[in-house]
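Structural description and commentary
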Amino acid sequence: GQKTWTTLAQFADMIFCLVRTDTGVRKQEGISFLLIDMHTPGITVRPIIMLDEDHEVNEVFFDNVRVPAANLVGQENRGWTYAKYLLGHERTGIAAVGRSKRELAFLKSLAARESKNGKPLIDDPLFAARLANLEIELMALEMTVLRVLAKADKAPGPEASVLKVRGTDIQQALTELMMEAVGPMALPFDPAYLEGKSEHSVFDDDDAAPLASYYFNYRKTSIYGGSNEIQRNIITQMILGL
Ligand SMILES: Cc1cc2nc3c(=O)[nH]c(=O)nc-3n(C[C@H](O)[C@H](O)[C@H](O)COP(=O)(O)OP(=O)(O)OC[C@H]3O[C@@H](n4cnc5c(N)ncnc54)[C@H](O)[C@@H]3O)c2cc1C
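What you see is a predicted model; the values in this text were computed from it and never measured. (Residues numbered from 1 in each chain as written. Predicted model: local features only at pLDDT ≥ 70, side-chain atom pairs only at ≥ 80, totals over all residues. Heavy atoms only, no water.)

**Describing the overall build of the chain**
As a reminder, the rule being used: A run of H or I in DSSP counts as a helix once it spans at least four residues, and a run of E counts as a strand once it spans at least two, with each numbered from the N terminus. Burial classification: accessible surface area is computed with a 1.4 Å probe over protein chains only, and a residue below 20% of its type maximum counts as buried, one above 50% as exposed, and the rest as partly exposed. Any two residues whose heavy atoms approach within 4.5 Å at even a single point are treated as in contact. Residue exposure ignores everything except the shown protein chains as possible cover, and the areas themselves are Shrake-Rupley values with a 1.4 Å probe. Positive charges come from Lys and Arg, negative ones from Asp and Glu, while His and the chain ends are left out of the count. Where a charge sits is defined by one atom per residue type, namely NZ (Lys), CZ (Arg), CG (Asp) or CD (Glu).
The helix and strand tally for the chain stands at 7 helices and 8 strands. Out of the 242 residues in the chain, the part that is buried amounts to 36%. Relative to all contacts within the chain whose residues are 6 or more apart in sequence, the contacts with residues 24 or more apart total 65%. Of the roughly 14,300 Å² of accessible surface on the chain, a fraction of 58% belongs to carbon and sulfur atoms. Taking the average place of the 26 positive charges on the side chains of the chain and the average place of its 32 negative ones, the gap between the two points comes to 9 Å.

In structure tokens, the structure reads:
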């Protein structure tokens, strides 16, 4: 088999895989959860270099890989049940309210140092309104995450899809506003500087230099953990009952 988009597989010693172990049943039922040693013969990791030139994801190929039965996690053919439990937690984590709060504070500092028509950008009514709107969305998301987590006796179910969609919408909007705040200062792409291997080659602006990479890299958030379109399907069917 083959798995595309395996994050940081180049550093991994072990990989969890959902593998087809019964073809004669409903497609969700014939899947098992295996823990596989990455050094097993037949496993090849091929890098995928992304838009920001970073090696973050990989293709992993499995050619006639043999796995000891002891590496089966839980019961055979119950893998999808375990996977749904993990996905609920993964999607709740992807909402990443704490990280967005930090990025919002950084965005405010950028908007305070930039100027528009002789005044700080943060005082521009249109920019300030967009910033305030994002902050309100983030506060609402935080409340919603806390409501989901308050049901501690139960793993997050389809409501995790709401958190994933709202969280990643906010993360992407933050990267967009940061790019807008610094304007052309974000345009130079200087990988050597970003990796700490050289001084700035264009503008001497530590805050603006990584923003374009950050913006492009964060396009991934509406894809990973299950695409946002699929999350909307889950919300439609499992929460709204449509
Ligand atoms: C940066 C990155 C890191 C990742 N890391 C990992 C990792 O570490 N481990 C891992 O297991 N996976 C990882 N993934 C994989 C990720 O979970 C999948 O890419 C994602 O779930 C989408 O699946 P897909 O790529 O097969 O797209 P597809 O399912 O082929 O979807 C393609 C497009 O069609 C749309 N689409 C598909 N079906 C429907 C439908 N029924 N209704 C409406 N629209 C639909 C999708 O929304 C999407 O826009 C990563 C992905 C990325 C981009």
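**Overview of unusual backbone geometry**
Located in the positive-phi region is asparagine 64, a residue other than glycine, with phi close to 50°. If you trace the backbone, asparagine 64 turns up in the loop between strand 5 (55-62) and strand 6 (72-73). Residues other than glycine seldom take positive phi values, yet asparagine 77 does so here, at roughly 70°. Looking at the element boundaries, asparagine 77 is found in the loop between strand 6 and helix 1 (79-94).

**Quick notes on the pattern of salt bridges**
The cut-off we apply is this: Note on definitions: salt bridges are taken to be side-chain nitrogens of Lys or Arg within 4 Å of carboxyl oxygens of Asp or Glu.
Enumeration according to the criterion identifies 16 salt bridges in this entry. Note that arginine 46 and glutamate 59 form a salt bridge whose closest N and O atoms lie 3.6 Å from each other. Residue arginine 46 is located in strand 4 (residues 43-49), and its partner glutamate 59 is located in strand 5; the two are separated by 13 residues in the primary sequence. Note that aspartate 207 is salt-bridged to arginine 113, the shortest N-O span being 3.4 Å. Within this pair, whereas aspartate 207 is found in the loop between helix 5 (191-194) and helix 6 (211-217), its partner arginine 113 is found in helix 2 (residues 97-113), the two being separated by 94 residues in sequence. Judged by its relative accessible area of 31%, aspartate 207 falls in the partly exposed class. Each of Arg113, Glu114, Asp205 and Asp207 takes part in salt bridges that share partners, so that together they form one network.

**Side note on the sheet that holds strand 4**
Formally: Should DSSP find at least two bridges between two strands, the strands are regarded as paired. Axes, fitted as lines to C-alpha atoms, cover a helix only where it is in contact. Angles between the N-to-C directions of the axes lie from 0 to 180 degrees.
With antiparallel pairing, 3 strands are arranged side by side in an open sheet as 1-5-4. Because the sheet does not close on itself, it has two edges, and the strands there are strand 1 (2-4) and strand 4. On average, adjacent strands in this sheet sit at an angle of 20° to one another, irrespective of strand direction. In the sheet, strand 1 pairs with strand 5 via 3 bridges, with the strands oriented antiparallel. Each bridged residue has a counterpart across the sheet, and for lysine 3 the counterpart in strand 5 is valine 60.

**Brief notes about the domain arrangement of the chain**
Let me state the cut-off plainly: Each domain's limits were defined by an automated method or a database of domain assignments. Any N or O atom pair separated by 3.5 Å or less is treated as a polar contact, with the protein-specific requirement of one donor-capable and one acceptor-capable atom, and with residues adjacent in sequence counted only for side-chain atom pairs.
Segmentation of the chain into domains returns domain 1 (2-77) and domain 2 (85-239). Each of domain 1 and domain 2 has a C-alpha centre, and these two points are 29 Å apart. Tallying the contact residues gives 6 residues for domain 1 and 7 residues for domain 2. For the pair domain 1 and domain 2, the interface holds 1 salt bridge. Note that glutamate 56 is salt-bridged to lysine 220, the shortest N-O span being 2.6 Å. Joining domain 1 to domain 2, the criterion identifies 2 residue pairs in polar contact (both at pLDDT 80 or more).

**Things to note about the side chain of threonine 40**
With respect to the helices and strands, the residue threonine 40 is situated in the loop between strand 3 (31-37) and strand 4. Polar side-chain contacts of threonine 40 include one of 2.5 Å to the backbone oxygen of aspartate 37. Not counting residues within four places of it along the chain, the set of residues in contact with threonine 40 comprises Val65 and Arg66.

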